[in-house]
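For reference, the chains in residue letters:
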Amino acid sequence: MEGLEAKVSQFFESVTNFFSGGDHIPWSTPDVILGCEKEVAVASKDDSDERKSESIMRLSWALVHSKQPEDVQRGMAMLEASLANNNSPLQKREKLYLLAVGYYRSGEYSRCRELLDQCLEIAPDWRQAMTLKKTVEDRITKDGVIGIGITATAVGLIVGGIAAALVRKN
């Protein structure tokens, strides 16, 4: 009996995650973003280039993890611009990953997946990128299933309407 309850609970949890999106990517808050912006301003005045770069990366992280689409877009623009700089493989991987998070938050799943593939070329065993890639692939599959369901419903309504019209005609 206990096994059945666990399976039923797991089933309902998977259905809930399917419709809610169920990703495990953290969110940042406006306070975190503000703190990071202040840190960048201070670092820009009197610190080393390395400190400026680190504070800009923290701000980029906070922006792409925001619930506000305009923050996510700003973070993505910062990351795109900083990718042009000469980066170590580790820095490039981190920037590509954060950019992928931004594309995920923006609903651009195929671009997100491309960036994650680039991350995994640099670090094939990077669990964080593999987890996000699985989430993205699940989301693409879910969106496809929902699209098929909507299409099937629309076709059913049209066929039903035609059938009803034919029945009334006779």
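Residues numbered from 1 in each chain as written. Predicted model: local features only at pLDDT ≥ 70, side-chain atom pairs only at ≥ 80, totals over all residues. Heavy atoms only, no water.

Visitor: For the overall build of the chain, give the residues involved together with the corresponding values.
Guide: Of the regular secondary structure elements, the chain holds seven helices and zero strands. Along its sequence from the N terminus, the chain presents helices and strands in the succession α-α-α-α-α-α-α. Within the chain, the fraction of its 170 residues that count as buried is 28%. Across the chain, the fraction of contacts at a sequence separation of at least 24, relative to all contacts at a separation of at least 6, is 53%. Counting every atom, the chain has about 11,100 Å² of accessible surface; 59% of that belongs to carbon and sulfur. (Helix = DSSP H or I, 4+ residues; strand = E, 2+ residues; numbered from the N terminus. Buried < 20%, exposed > 50% of the residue type's maximum accessible area, 1.4 Å probe, protein only. Contact = heavy atoms within 4.5 Å. Areas by Shrake-Rupley, 256 points an atom, 1.4 Å probe, with all protein chains shown as cover.)

Visitor: Explain the packing of helix α5 (residues 89-105) against helix α6 (residues 109-122) to me, and be specific about the residues and the numbers.
Guide: The packing of two helices is summarised by the inter-axis angle and the distance between the axes. As a packed pair, α5 and α6 sit with axes 8 Å apart at the nearest point and diverge in direction by 160°. Overall, the two elements α5 and α6 adopt an arrangement that is roughly antiparallel. For the pair α5 and α6, the sense of crossing is left-handed. Residues P89, K92, R93, L96, Y97, L99, A100, Y103 and Y104 of α5 form the contact with α6, whose participating residues are Y109, R111, C112, L115, L116, Q118, C119 and I122. A breakdown of the residues in the contact of α5 with α6 according to their chemical character gives 13 nonpolar, one polar and three charged. (Axes fitted to C-alpha atoms, helices over the stretch in contact; angles between N-to-C directions. Parallel < 35°, antiparallel > 145°, perpendicular 65-115°, else oblique. Left-handed = near helix turned anticlockwise from the far one by under 90°. Nonpolar A, V, L, I, M, F, W, Y, C, P; charged D, E, K, R; others polar.)

Visitor: Provide a residue-level description of the confidence of the model for the chain, including the pertinent values.
Guide: Here the chain averages 81 in pLDDT, and 77% of its residues register 70 or above. Under a pLDDT of 50 for its full length, residues 14-22 has, in the predicted model, nine contacts with residues more than four places off or in other chains. (pLDDT = per-residue confidence, 0-100.)

Visitor: Could you give an account of the packing of aromatic side chains, naming the residues involved and the relevant values?
Guide: For the structure shown, the criterion picks out two aromatic pairs. When the ring of Y104 is compared with that of Y109, the centres are 5.5 Å apart and the planes differ by 55°; the resulting orientation is tilted. Here Y104 and Y109 have matching classes, each one buried. For the cation-ring pair, K67 lies above W27, with the distance from its terminal atom to the ring centre recorded as 5.3 Å. Positioned above the aromatic ring of W27, the side-chain terminus of R105 is 3.6 Å from the ring centre. (Phe/Tyr/Trp six-rings, centres within 6.5 Å; stacked < 30°, edge-to-face > 60°. Lys NZ or Arg CZ within 6 Å of the ring centre and 35° of its normal.)

Visitor: Which residues make up the side chain of H65, and what values do they have?
Guide: Residue position: H65 is located in the loop between α3 (49-64) and α4 (69-83). A polar contact of 2.7 Å, which involves the side chain of H65, links it to the backbone oxygen of W61. What H65 contacts, discounting residues up to four positions off in sequence, is I25, P26, W27, S28, L98, V101 and R105. (Polar contact = N/O pair within 3.5 Å; in protein donor to acceptor, adjacent residues only side chain to side chain.)

Visitor: Talk me through the pattern of salt bridges; I want residue IDs and the actual numbers.
Guide: Scanning the model with the defined rule gives eight salt bridges in all. Between E39 and R58 there is a salt bridge, and its shortest N-O distance comes to 2.3 Å. Of the two residues, E39 is situated in helix α2 (residues 30-46) and R58 in helix α3; the sequence distance between them amounts to 19 residues. The class for R58 is partly exposed, based on a relative accessible area of 35%. For the salt bridge of D138 with K134, the shortest nitrogen-to-oxygen distance reads 3.0 Å. Of the two residues, D138 and K134 both sit in helix α7 (residues 127-169), four residues apart, roughly one turn of that helix. Each member of the salt-bridge network shares a partner with another, and the members are E39, R51 and R58. (Salt bridge = Lys/Arg side-chain N within 4 Å of Asp/Glu carboxyl O.)

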